[in-house]
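# Remarks on the overall topology
In case you want the letters, here they are:
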Amino acid sequence: MGALSHYLEQEGIPTAGISLIRPHTEKIRPPRALWVPFELGRPLGVPGDAAFQTRVVRALLSLLQAPAGPVLQDYPEDTPATATEDSSAWACPVSFDRPVTEETLSTSIHREIRQLLPWQELARERRGRSTFGAAGLPIDQVADFLLAWTSEQRPDSPRADLSSSQLLKLTAEDLKAFYQEAVAAQPGAMTGRQAADWFWGETAAAQLFVALRTACLAAQEPDIQWIGHNLLVPREQWSRFGIDDRWWHQQ
Amino acid sequence: MARLEDFDELGRDYLLSMPMPVFETTPWAKPPPVANARIAIISTAGLQRRGDRPFSVDSSDFRLIPGDTQAADLAMSHISTNFDRTGFQEDANVVLPLDRLRELAEQGEIGSVASMHYSFMGATHPGKMESTARHLAGLLKQDAIDIALLVPV
């Protein structure tokens, strides 16, 4: 982000930017940056809190009064803790109906989807929008396409405009969005970290992601391997699955 | 949470190993008073209008976000899996604060809000975005933009 500031400012456009990883901004030295201590993915801090977001925007705008730069200022306010900030104290109300007998990954995931569907529909209704749908496929087809990627025969893309590997990434995000929107429709505030810990710790869908990662790493094509290394299981969840794949040191 | 000490050792190792572009100097363009400024947002959250082309690995281009875009018409196709998306799912303004800018314009704290905003996909190495960014600067001037607010994800 800081590099874009350099390019735009060199062309005569004054900029002010939010900084998320302070050491990166210290190296790049953009003209005006406001470092914020918020969770990655939430540069304005708190969803649904207009007053909080406005304070961040005002702080960002205030950097434009500086007579000279580079300016790197720390935003002084952290996000308020939720009543259920402690993950161990937070109990996810979506308690899946566990099977008595062993079932396949496919059966588990389709069972979870059936149980989550009313919640995801409720979330869509309440919010008036949904971020599910980037792949343009219904949820069961999203799951089946991803499951097919873990089989011997890689699936063809059902979309003429996207390759199977492009669709892999979009369907992966759609599956997560479906689960996350569904669980957010439940009572009780939840941080992004809590939603992530629920998804990666409690669902069969997470097992599918781990299987997808293994399948991608076994592929011949470097771009598919890269998806496996970097784009399926978040780094902060690797320890849960015993992954320590520091691919960035192999480049 | 985006404090370095909030990441585990592996996450810190990744973040501190990322290759950064090197700039010998910092450019400085003098802005007008914010109260008179026309302001655009440049996001790197991989945002697109629903139905527009999704971003893919190494995308160095941008997508157009018209100023009257409603949250329901916004999608995110950033390739990274390493950031929270539940905030955006709940409220698009936590990533793209268009409503906040409109409110500040109505209150007279800023001059006006741009008719067009733009999103890159921040997982691409910034050096690959240089020519597109310089092209974007020309578009911003055409829209009489005085200030660009850069918002990563």
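Residues numbered from 1 in each chain as written. Chains lettered and ligands numbered in written order. Predicted model: local features only at pLDDT ≥ 70, side-chain atom pairs only at ≥ 80, totals over all residues.

### What about helix α4 (residues 105-127) of chain A?
Residues and elements named next belong to chain A. Helix length check: α4, at 23 residues, gives a terminal C-alpha distance of 31 Å against a target of 33 Å (1.5 Å per residue), a fit within 8%. The sharpest bend along α4 comes to roughly 45 degrees, located at leucine 116, with the proline proline 118 sitting one to four residues further on. Among all positions in α4, only Ile109, Glu112, Ile113, Leu116, Gln120 and Ala123 are buried. Close packing links the buried residues of α4 with α5 (139-149), α6 (164-184) and α8 (204-217). (Helix = DSSP H or I, 4+ residues; strand = E, 2+ residues; numbered from the N terminus. Expected span 1.5 Å × (residues − 1). Bend = angle between axes of the 7 residues up to and from the residue. Buried ≥ 20, exposed ≤ 12 C-beta atoms within 10 Å, placed from the backbone. Contact = placed C-beta atoms within 7 Å.)

### Section: the packing of α4(A) against α6(A)
Residue and element names in this part refer to chain A. Packing of α4 against α6 brings their axes to within 7 Å, and their N-to-C directions diverge by 75 degrees. Considered as vectors, α4 and α6 are oriented roughly perpendicular to each other. Residues Leu116, Trp119, Gln120 and Ala123 of α4 touch α6, and the partners they reach there are Phe178, Tyr179, Glu181, Ala182, Val183 and Ala184. Here the residues of the contact of α4 with α6 are counted per class, giving eight nonpolar, one polar and one charged. (Axes fitted to C-alpha atoms, helices over the stretch in contact; angles between N-to-C directions. Parallel < 35°, antiparallel > 145°, perpendicular 65-115°, else oblique. Nonpolar A, V, L, I, M, F, W, Y, C, P; charged D, E, K, R; others polar.)

### Topic: the confidence of the model for chain B
Of all residues in chain B, 99% attain a pLDDT of 70 or more, and the chain-wide mean is 94. With pTM at 0.92, the complex prediction returns an ipTM value of 0.97. (pLDDT = per-residue confidence, 0-100.)

### A word on the pairing of strand β6 (residues 116-119) of chain B
Residue and element names in this part refer to chain B. In the sheet, strand β1 (residues 38-43) pairs with β6 via two bridges, with the strands oriented parallel. Bridge assignment links isoleucine 42 to a residue of β6, and that residue is tyrosine 118. Looking at chain direction, strand β3 (residues 63-66) and β6 are connected through four bridges and run antiparallel. If you follow isoleucine 65 over to β6, its bridge partner there is histidine 117. (Pairing = 2+ DSSP bridges.)

### Remarks on the interface of chain A and chain B
Between chain A and chain B, the contact holds 76 residues from the first and 70 residues from the second. Of all the elements in the fold, those that place two or more residues in the side of chain A that touches chain B are α1 (2-10), β1 (15-19), α2 (22-28), α3 (50-62), α6 and α7 (192-202) of chain A. Here the side of chain A that touches chain B gets eight residues from one element, more than from any other, and that element is α1(A). Of the residues belonging to the side of chain A that touches chain B, the class tally is 41 nonpolar, 20 polar and 15 charged. Two strands pair when backbone bridges link them, and β1(A) and strand β7 (residues 147-151) of chain B are joined in this way by three bridges, in the parallel orientation. In the strand pairing of β7(B), Gly17(A) is matched with Leu150(B).

### Observations concerning unusual backbone geometry
Backbone torsion omega between Gly69(A) and Pro70(A) reads 10 degrees, so that peptide bond is classified as cis. Mapped onto the secondary structure, Pro70(A) falls in the loop between α3 and β3 (71-74). With a phi angle near 55 degrees, Arg29(A) is a residue other than glycine that sits in the positive phi range. One can find Arg29(A) in the loop between α2 and β2 (32-35). One non-glycine residue, Ala144(B), adopts positive backbone phi at about 55 degrees.

### Some details on the nonpolar core
The tendency in soluble globular proteins is for nonpolar side chains to be buried side by side. One finds Leu4(A), Leu60(A), Leu146(A), Leu96(B), Ala148(B) and Leu149(B) to be the most contacted residues of the largest nonpolar core, which totals 108 residues. Ranked by the residues each element gives to this core, the list is headed by α6(A), at eleven residues. Dropping the residues within four chain positions of it, Leu146(A) is found in contact with Thr171(A), Ala172(A), Leu175(A), Leu208(A) and Leu212(A). (Core = buried A, V, L, I, M, F, W, Y, C linked by C-beta atoms within 7 Å.)

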